[in-house]
Amino acid sequence: MLTLTRALMDLDQFYPALSDLRGRAKRRLPRFVWDFLDSSTGDEQTNVRNRADLDALCFLPSILHGEQTPDLTTDVLGASYKLPFGVSPVGMSGLVWPGAEKILARAATAAGIPYCLSTVATATPEEVGPLTGGKGWFQLYPPRDEATRKDLLDRAKASGFSTLVLTVDVPVASRRERQIRGGLTQPPKLNARLLAQVACRPAWAMAMAQNGLPHMKTLDAYVQDVSSRSSTAHVGYLLRTSPDWDYLHWLRDNWDGPFVVKGVMRAEDAQRLDAAGVDAIWVSNHAGRQFDGAPSVASVLPRIRDVTDLPVIADGSISGGLDILRLIALGADICMLGRGFHYALAALGGRGPKHLIDILTKDLVANLGQLGAIHPAELRGKILRTGSGNPPV
């Protein structure tokens, strides 16, 4: 225990914030991998708006509350979690660090938070599901073929995933120009240009040499010939369709368990999803990776909260515990981080996710103490816009 405590203290001295992990990740990853992880689409202004609108939200500190013991537990979708955040699905996680999905699932389960596996992960549901303690979430990019659809749902359920997450904000492929400039192809192929980048990043190179370049293993059962696709469009697009409301109803009828829709930005869509029988709304603009003209999550979250009693999940440029409190104050029940956990992986390997959870937990506790709150939900509606002098929104 003493050795572990010292190890955590050492990490905290060098990497006390998510920004420190991001900086080290950039120094350790080849450019094409960094651009894959860090880039958005277009001029990447949606991600800028996510960050700016979070920064514009303030709380009024509260005094003379005496000693308090914070309660960070969060109940959502029929499960109780120890912390009000979890791990978002990220496709091709294994390109950032070998075994990423398994490392993240184990860390999340140990910390008592949800882990969501992507359809286009580099590990299968069968490999990851047993690591989630029966509380794993499976994110579905919607297959066009009904037999494939059914088989994926069956595999997820049999592997122990309890919650299905349908991503609806990827009707077509995005550009991600910075990723294209970086030279990444799908599947990844180490040509001379990329090998030169790899040579400058020995830690990543050694880890990959031991494990081999990753691919989207879950889809192996459904795709045989991939010769017809472009070098930048991954294999998932050969299977995927743009879902409609009939597709959503089919999933609701065929999934026995909590059903979440991810990528919601309009209040009217949230209302219709509520009526259609979904179990939670995930407010997300895909971190700007799909569309560069979207408003920030923080700007639309209050209106969506107003029109539904369903649990609301939120993500978007979270850099610490204070951002989690900001989104909860605007209406979220739980927040999810994708890039953040992958920055941690790239920075510290298998130690990274646990350290990031420790960073976020300490930040939550510190900020709750300043606000005189015991539970994050106490902050609902108690937020100010910077410099406006207006009452809480």
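None of the values given here were measured: they were computed from a predicted structure. Counting restarts for each chain: residues are numbered from 1 in the order of the written sequence. Reporting in this predicted model follows two pLDDT cut-offs: at least 70 for local features of residues, and 80 or more for side-chain atom pairs to be given and counted; totals over whole chains, interfaces and linings ignore these cut-offs and use all residues. Hydrogens and water are ignored here; the side-chain numbers use all heavy atoms of the structure.

### Examining the environment of Leu-164
Moving on, step 1. The residue Leu-164 is located in strand 7 (residues 161-167) in this model.
Moving on, step 2. Remark: exposure states derive from per-residue accessible area (1.4 Å probe, protein chains only) relative to the maximum for the residue type, with buried under 20%, exposed over 50%, and partly exposed in between. A residue is classified by how much of its surface remains accessible, and Leu-164, at 0% relative accessible area, is buried.
Moving on, step 3. The sequence separation of Leu-164 and Gly-134 amounts to 30 residues, and the corresponding C-alpha distance is 13 Å.
Moving on, step 4. In this view, Leu-164 contacts Phe-138, Leu-140, Leu-153, Leu-251, Trp-255, Pro-258, Phe-259 and Val-260; residues no more than four positions away in its chain are not counted. Working definition: helices are DSSP H or I runs of at least four residues, strands are E runs of at least two. Numbering for both runs from the N terminus. Note on definitions: a residue-residue contact is assigned when non-hydrogen atoms from the two residues lie within 4.5 Å.

### Details of the state of the cysteines
Moving on, step 1. Cysteine sulfur atoms are paired as a disulfide whenever they fall within 2.5 Å. Tallied over the entire structure, the rule returns zero disulfides.
Moving on, step 2. Not engaged in a disulfide, the cysteine Cys-116 finds its nearest cysteine sulfur in Cys-335; these two sulfurs lie 15 Å apart.

### What about the sheet that holds strand 4 (residues 85-87)?
Moving on, step 1. Each pair of strands is called paired provided DSSP finds at least two bridges between the two strands. The eight strands are arranged 4-11-10-9-8-7-6-5 in an open sheet whose pairing can be described as parallel. One side of each edge strand has no neighbouring strand; the edge strands of this open sheet are strand 4 and strand 5 (116-118). On average, each strand axis in the sheet is inclined to that of its neighbour by 30 degrees, with strand direction left out of account.
Moving on, step 2. Bridge count for strand 6 (residues 136-140) against strand 7 is five bridges, and the pairing is parallel. When the sheet's bridge partners are listed, Phe-138 is paired in strand 7 with Leu-164. To obtain each axis, a line is fitted to C-alpha atoms, and for helices this fit is confined to the stretch in contact; angles are then taken between N-to-C directions over 0 to 180 degrees.

### A closer look at the pattern of salt bridges
Moving on, step 1. Any carboxyl oxygen of Asp or Glu within 4 Å of a side-chain nitrogen of Lys or Arg constitutes a salt bridge here. Here the structure, examined in full by the defined rule, presents 14 salt bridges.
Moving on, step 2. With its nearest N and O atoms 2.7 Å apart, the salt bridge here joins Glu-126 to Arg-155. You can see Glu-126 sitting in helix 7 (residues 125-128) and its partner Arg-155 sitting in helix 8 (residues 146-158), a full 29 residues away along the chain.
Moving on, step 3. For Glu-126, a relative accessible area of 38% translates into the label partly exposed.
Moving on, step 4. Residue classification places Arg-155 among the buried positions, given a relative accessible area of 14%.

### Points about the packing of aromatic side chains
Moving on, step 1. Whether two aromatic rings pair depends on their centres lying within 6.5 Å, for rings of Phe, Tyr and Trp, where Trp uses its six-membered ring; planes under 30 degrees apart make the pair stacked, over 60 edge-to-face, and the rest tilted. For the structure on display, the rule yields five aromatic pairs.
Moving on, step 2. Here the aromatic rings of Phe-14 and Tyr-15 are separated by 6.4 Å at their centres, their planes lie at 45 degrees, and the arrangement is tilted.
Moving on, step 3. The exposure class of Tyr-15 is buried, given its relative accessible area of 14%.
Moving on, step 4. For the pair Trp-137 and Trp-282, a centre-to-centre distance of 6.2 Å together with 80 degrees between the ring planes defines the contact as edge-to-face. Placement of the pair is Trp-137 in strand 6 and Trp-282 in strand 9 (residues 280-283), with a sequence separation of 145 residues.
Moving on, step 5. Residue Trp-137 is classed as buried on the basis of its relative accessible area of 0%.
Moving on, step 6. A residue is classified by how much of its surface remains accessible, and Trp-282, at 0% relative accessible area, is buried.
Moving on, step 7. Over the ring of Trp-250 we find Arg-149, and its NZ or CZ is 4.7 Å from the ring centre.
Moving on, step 8. Note on criteria: charge over ring means Lys NZ or Arg CZ within 6 Å of the ring centre, with the direction from the centre no more than 35 degrees off the ring normal. Directly above the ring of Phe-36 sits Arg-289, whose terminal nitrogen or CZ lies 5.8 Å from the centroid.

### Notes on the side chain of Ser-88
Moving on, step 1. Along the chain, the position of Ser-88 falls in the loop between strand 4 and helix 5 (93-96).
Moving on, step 2. What Ser-88 contacts, discounting residues up to four positions off in sequence, is Cys-116, Trp-282, Asp-315, Met-336, Leu-337 and Gly-338.

### Some points on the confidence of the model for the chain
Moving on, step 1. Per-residue confidence from the predictor is reported as pLDDT, which spans 0 to 100. The predicted model of the chain averages 90 in pLDDT, with 91% of residues at 70 or higher.
Moving on, step 2. Here residues 387-393 is a poorly scored stretch, pLDDT under 50, and it has eleven contacts once near neighbours within four places are set aside; other chains count.

### Quick word on a nonpolar patch on the surface
Moving on, step 1. A cluster of nonpolar side chains, namely Leu-190, Leu-195 and Leu-213, defines an oily patch on the protein surface of about 220 Å² accessible area.
Moving on, step 2. Within the element layout of this structure, Leu-190 appears in the loop between helix 9 (177-182) and helix 10 (192-199).
Moving on, step 3. Leu-190 sits in the partly exposed class, given a relative accessible area of 33%. Patch building starts from residues that exceed 30% relative accessible area and form no salt bridge, then joins like charges within 9 Å and nonpolar side chains (Val, Leu, Ile, Met, Phe, Trp, Tyr) within 5 Å. Computed with a 1.4 Å probe, the accessible areas rest on the Shrake-Rupley method; for each residue, only the protein chains presented here act as cover.

### Things to note about the nonpolar core
Moving on, step 1. Counting residues in hydrophobic clusters, the biggest one holds 107 residues, and the most contacted among them are Phe-85 and Leu-327.
Moving on, step 2. Once residues within four sequence positions are removed from consideration, Leu-327 is found in contact with Leu-54, Val-297, Ala-298, Leu-301, Ala-314, Asp-315, Ile-318, Ala-332 and Cys-335.
Moving on, step 3. Definition used in this section: a nonpolar core is a set of buried Ala, Val, Leu, Ile, Met, Phe, Trp, Tyr and Cys residues joined via side-chain atoms within 4.5 Å. By size, the runner-up hydrophobic cluster in this structure holds 13 residues, among which are Tyr-81, Trp-137, Val-260 and Ile-334.

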